[in-house]
Amino acid sequence: MPACFYNRDPRFAHRLMALLNAEKNLFVGDNAPYLVSDASDYTIPVHAERRGLHHVLIEIRQDLIADENGQRNWTARLARFVAASV
């Protein structure tokens, strides 16, 4: 369902993934189905890593956020988990 992506520093992503994986019926991808790299990405290497910021790129399947109910559900879920991961 969701996936968390990172490049060199997995700390924040792994904390968030642990919280997401604790939810029933969620399978969270770990840098899958693709990887973040200096060659293929810009935001994480430049805006996060170069500044020493904790970071994660979160991808959610489109059908899970296609309607207002799904958007509210995932907004509340991620807000709760991000706050607990910091």
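The paragraphs below set out a description of the structure included in this document. (Residues numbered from 1 in each chain as written. Predicted model: local features only at pLDDT ≥ 70, side-chain atom pairs only at ≥ 80, totals over all residues. Heavy atoms only, no water.)

Let us look at the packing of aromatic side chains. The description of an aromatic ring pair rests on the distance of the ring centres and on the angle between the ring planes. On inspection of all chains with the given rule, the structure shows one aromatic pair. Over the ring of Trp74 we find Arg77, and its NZ or CZ is 4.6 Å from the ring centre. A cation over an aromatic ring shows up here: Arg80 above the ring of Phe81, its NZ or CZ 4.7 Å from the ring centre. (Phe/Tyr/Trp six-rings, centres within 6.5 Å; stacked < 30°, edge-to-face > 60°. Lys NZ or Arg CZ within 6 Å of the ring centre and 35° of its normal.)

Mapping Ala48 onto the fold places it in helix H2 (residues 43–49). Its relative accessible area of 7% is what places Ala48 among the buried residues. In this structure, the C-alpha to C-alpha distance between Ala48 and Asp9, residues 39 residues apart in sequence, is 9.9 Å. (Helix = DSSP H or I, 4+ residues; strand = E, 2+ residues; numbered from the N terminus. Buried < 20%, exposed > 50% of the residue type's maximum accessible area, 1.4 Å probe, protein only.)

Read across the sheet, three strands follow the order S2-S1-S3 without closing on themselves; strand pairing throughout is mixed. Edge positions in the open sheet fall to strand S2 (29–30) and strand S3 (57–60), since each of these has one partner strand only. As paired elements, strand S1 (residues 2–5) and S3 share four bridges and run antiparallel to each other. When the bridges of S3 are listed, Phe5 appears paired with Leu57. Along the sheet, helix H1 (residues 11–21) makes contact with S1, S2 and S3, crossing S1 at roughly 165 degrees. (Pairing = 2+ DSSP bridges. Contact = heavy atoms within 4.5 Å. Axes fitted to C-alpha atoms, helices over the stretch in contact; angles between N-to-C directions.)

In this section: the nonpolar core. In terms of nonpolar packing, the biggest core is built from 12 residues, these being Cys4, Tyr6, Ala13, Leu16, Met17, Leu20, Leu26, Val28, Ile60, Trp74, Leu78 and Phe81. Of all the elements in the fold, those that place two or more residues in this core are H1 and helix H3 (68–85). Per element, the largest residue contribution to this core is four residues, and it comes from H1. (Core = buried A, V, L, I, M, F, W, Y, C linked by side-chain atoms within 4.5 Å.)

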